[in-house]
Amino acid sequence: MSKKFRIMIPCEEANHVCDKAQYKESTLWEKIKLNLHLIYCKVCREYSNNNGKLTKKIKQSKVECLDPNCKKNMKKELDRAIEEQAS
């Protein structure tokens, strides 16, 4: 059987797929293998549950991000300050 079609996955791969699933980047096949893994692995189930809680909290947060122009200006100022300190 080829490696591509194995159903049982190790914990490291399960955690990676769990992270991908959190950001909607996992495939259906990866999700199926993850769920089969979670049936028998308590540690990965807990990791998956914690990931879900984290995602939910981030979506509920009222955090506002800086706009890209502001970030760019801050980086320029920081780079300038670093150059001045190095001189």
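Above this text sits the structure in question.
What you see is a predicted model; the values in this text were computed from it and never measured.

**Q** Looking at this structure, how should I read the overall build of the protein?
**A** Helix and strand counts for the protein come out as 4 helices and 0 strands. The order of α-helices and β-strands along the protein, N terminus first, is α-α-α-α. In terms of overall dimensions, the protein is more spread out than a globule: its C-alpha atoms have a radius of gyration of 20 Å, far above the 12 Å expected for 87 residues. Its C-alpha atoms give the protein principal-axis dimensions of about 60 × 35 × 20 Å. Taking all 87 residues of the protein together, the buried fraction comes to 18%. Within the protein, contacts between residues separated by at least 24 positions form 59% of all contacts whose residues are at least 6 apart in sequence. Summed over its atoms, the accessible surface of the protein is roughly 7600 Å², and 59% of this surface lies on carbon and sulfur atoms. Seen as two clouds, the 19 positive and the 12 negative side-chain charges of the protein have centres 10 Å apart.

**Q** Sorry if this is basic, but what is going on with the nonpolar core here?
**A** The tendency in soluble globular proteins is for nonpolar side chains to be buried as a group. Of all hydrophobic cores here, the largest spans 8 residues; its members are Ile-9, Ala-14, Val-17, Cys-18, Leu-34, Leu-38, Cys-41 and Cys-44. The element contributing the most residues to this core is helix H1 (residues 11-22), with 3 residues. Those residues in contact with Cys-44 that lie beyond four places of it in its chain are Cys-11, Ala-14, Asn-15, His-37 and Leu-38.

**Q** Honestly, unusual backbone geometry in this entry has me stumped. Any pointers?
**A** Glycine aside, residues mostly have negative phi, and peptide bonds are mostly found in the trans state. A positive phi is found at Lys-24, a non-glycine position, where the angle reads about 60°. Looking at where Lys-24 falls in the secondary structure, it is placed in the loop between H1 and helix H2 (28-40). Owing to a relative accessible area of 69%, Lys-24 belongs among the exposed residues under this scheme.

**Q** Just checking my understanding: could you explain H1 for this structure?
**A** For the α-helix, the turn length of 3.6 residues means that residues three or four positions removed from each other point alike. For H1, with 12 residues, the first-to-last C-alpha span of 16 Å sits near the 16 Å given by 1.5 Å per residue. Within the sequence span of H1, burial applies to Ala-14, Val-17, Cys-18 and Gln-22. In a view along the axis of H1, the buried residues occupy a sector of 145°, so they form one face of it. Looking at the buried side of H1, the elements it contacts are H2 and helix H3 (42-60). Of the residues flanking the end of H1, it is Lys-24, one or two places downstream, whose phi is positive at about 60°.

Cut-offs applied
- Residues numbered from 1 in each chain as written.
- Predicted model: local features only at pLDDT ≥ 70, side-chain atom pairs only at ≥ 80, totals over all residues.
- Heavy atoms only, no water.
- Helix = DSSP H or I, 4+ residues; strand = E, 2+ residues; numbered from the N terminus.
- Rg over C-alpha atoms; globule rule 2.2 N^0.38 Å.
- Buried < 20%, exposed > 50% of the residue type's maximum accessible area, 1.4 Å probe, protein only.
- Contact = heavy atoms within 4.5 Å.
- Areas by Shrake-Rupley, 256 points an atom, 1.4 Å probe, with all protein chains shown as cover.
- Lys, Arg positive; Asp, Glu negative; His and termini not counted.
- Charge placed at Lys NZ, Arg CZ, Asp CG, Glu CD.
- Core = buried A, V, L, I, M, F, W, Y, C linked by side-chain atoms within 4.5 Å.
- Expected span 1.5 Å × (residues − 1).
- Arc of directions from axis to C-beta.

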